[in-house]
Amino acid sequence: MEFAGSAFIVLAASILQACTGFGFSVLATPFLLLIHEPQAAIQINIILSLLISVVMVPRIAKAADVPLMKRLIVGSTLGAPFGILIFLYLSTDLLTMAVSIVILVLTALLILNVTVRKTDRRDRVAGGASGMLTAAIGMPGPPILLYFAGSRLEKSLLRGTSLGCFLYIYSLALFLQILFGSTNATIWWTALALVPVTLFGTWLGERLFYVVSQALFRMATYVILMVTGAYLLYTSLSVIQG
């Protein structure tokens, strides 16, 4: 039952990731935390997200904004060490609650058509927040997604740039977690068993990408962010109060 639940979550998340470029960690991490211990859920998410990026990036690299991606990577490199400190020493529940509140507030602003003007500095800040969250809770998507959505980035550009950036961020976060000894064989065997489901979901999501309109894409973005923010807030409050 545990594996079946994990497989269903991973299938849905990999479809979303391949279709949008950002959905795996946003969807998978909160629900995997219901099945696995926090460390295991976070690392399974990172390993499988990295696999999706490795599979997809060579095929969609031409759609990426390379200068923007470089600035995001610079920021994520600076942010990741702070994230690994949180992962090792601080309460992930408090961080999750803070992230959920930020997601809900910023998503509400996006729904109200509040736009964000892109600048080089803001690119690096978004990358830094993404790197920190990846190393801490395996979730790089919200900062970059909120930033891109607020700046009205076209969906092909968003997907290509996000996945290229995530390939680096996930690799760095996984390296840091392994370096500090926070992994075990069970995590890797579980991730390996979920690889076929991940690859099938990626294949299906790539085909759905071409039938999703820009308007539907933006609406799905808002729904995903709101649901994820609300769920993260609920679960973190439940743990803290319990």
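Along every chain, residues carry numbers that run from 1 in the direction the sequence is written. Local features in a predicted model are, by the rule used here, given only for residues with pLDDT of at least 70; side-chain atom pairs are given and counted only at 80 or more, and totals for whole chains, interfaces and linings are based on all residues. Hydrogens and water molecules were not included; the side-chain quantities draw on all heavy atoms of the structure.

If you look at the biggest cluster of nonpolar residues, it comprises 54 residues, and the most contacted ones within it are Phe24, Leu48, Leu72, Ile144 and Phe148. With 11 residues, the top contributor of residues to this core is helix α3 (residues 38-60). Residue types Ala, Val, Leu, Ile, Met, Phe, Trp, Tyr and Cys, when buried and joined through side-chain atoms within 4.5 Å, form a set referred to as a nonpolar core. Only protein chains enter the accessibility calculation, which uses a 1.4 Å probe. A residue is then buried if its area is under 20% of the maximum for its type, exposed if over 50%, and partly exposed in between. In this text, helices come from DSSP runs of H or I with a minimum length of four residues, and strands from runs of E with a minimum of two, each type numbered from the N-terminal end.

A helix is expected to span 1.5 Å for every residue after the first. The first and last C-alpha atoms of helix α6 (residues 120-137) sit 26 Å apart over 18 residues, in line with the 26 Å expected at 1.5 Å per residue. Considered for burial, the residues of α6 that qualify are Asp123, Ala126, Gly127, Gly128, Ser130, Gly131, Leu133, Thr134, Ala135, Ala136 and Ile137.

Let's shift gears to the packing of helix α4 (residues 66-89) against α6. The axes are straight lines fitted to the C-alpha atoms, using for helices just the contacting stretch, and the angles between their N-to-C directions are given from 0 to 180°. Direction vectors running N to C along α4 and α6 enclose 35°, while the axes themselves pass 5 Å from each other. α6 is crossed by α4, and the crossing has right-handed handedness. Three classes are used, and their members are as follows: Ala, Val, Leu, Ile, Met, Phe, Trp, Tyr, Cys and Pro are nonpolar, Asp, Glu, Lys and Arg are charged, and the others, Gly among them, are polar. Each residue belonging to the contact of α4 with α6 can be placed in one class, and the counts come to 12 nonpolar, 7 polar and 4 charged. For any pair of crossing helices, the crossing counts as left-handed if the nearer helix is rotated counterclockwise from the farther one by less than a right angle, and right-handed if it is rotated clockwise.

A few words on the side chain of aspartate 123. By the element assignment, aspartate 123 lies in helix α6. By relative accessible area, aspartate 123 is classed as buried at 0%. Apart from residues lying up to four places away in sequence, aspartate 123 is in contact with Leu68, Arg71, Leu72, Lys118 and Tyr147. When checking whether two residues touch, look at their non-hydrogen atoms; a contact exists if any pair is within 4.5 Å.

To continue, consider the environment of isoleucine 137. Summarising the element assignment, isoleucine 137 is placed in helix α6. Put simply, isoleucine 137 and threonine 29 are 108 residues apart on the chain and 7.9 Å apart in space, counted from C-alpha to C-alpha.

Here we come to the packing of aromatic side chains. Ring pairs are drawn from Phe, Tyr and Trp, using the six-membered ring of Trp, whenever the two centres fall within 6.5 Å, and their geometry is named by plane angle: stacked under 30 degrees, edge-to-face over 60, tilted for the rest. Using the criterion set out here, one finds 2 aromatic pairs in the structure. With centroids separated by 6.0 Å and ring planes inclined at 65°, the aromatic side chains of phenylalanine 166 and tyrosine 170 adopt a geometry described as edge-to-face. Here phenylalanine 166 and its partner tyrosine 170 are both found in helix α8 (residues 155-179), 4 residues apart, which amounts to about one turn of the helix. Ring centres of phenylalanine 200 and tryptophan 203 lie 6.0 Å apart, and the angle between their planes is 25°; on these two criteria the pair is classed as stacked.

What follows deals with the pattern of salt bridges. Any carboxyl oxygen of Asp or Glu within 4 Å of a side-chain nitrogen of Lys or Arg constitutes a salt bridge here. Counted under the stated rule, the structure contains 2 salt bridges. Between arginine 71 and aspartate 120 there is a salt bridge, with its nearest N and O atoms 3.3 Å apart. Taken together, the residues span a long stretch of sequence, with arginine 71 in helix α4 and aspartate 120 in helix α6 at a distance of 49 residues. A salt bridge links aspartate 123 to arginine 71; its shortest N-O distance comes to 2.7 Å. Placement of the pair is aspartate 123 in helix α6 and arginine 71 in helix α4, with a sequence separation of 52 residues. Salt bridges sharing partners connect three or more residues here, namely Arg71, Asp120 and Asp123.

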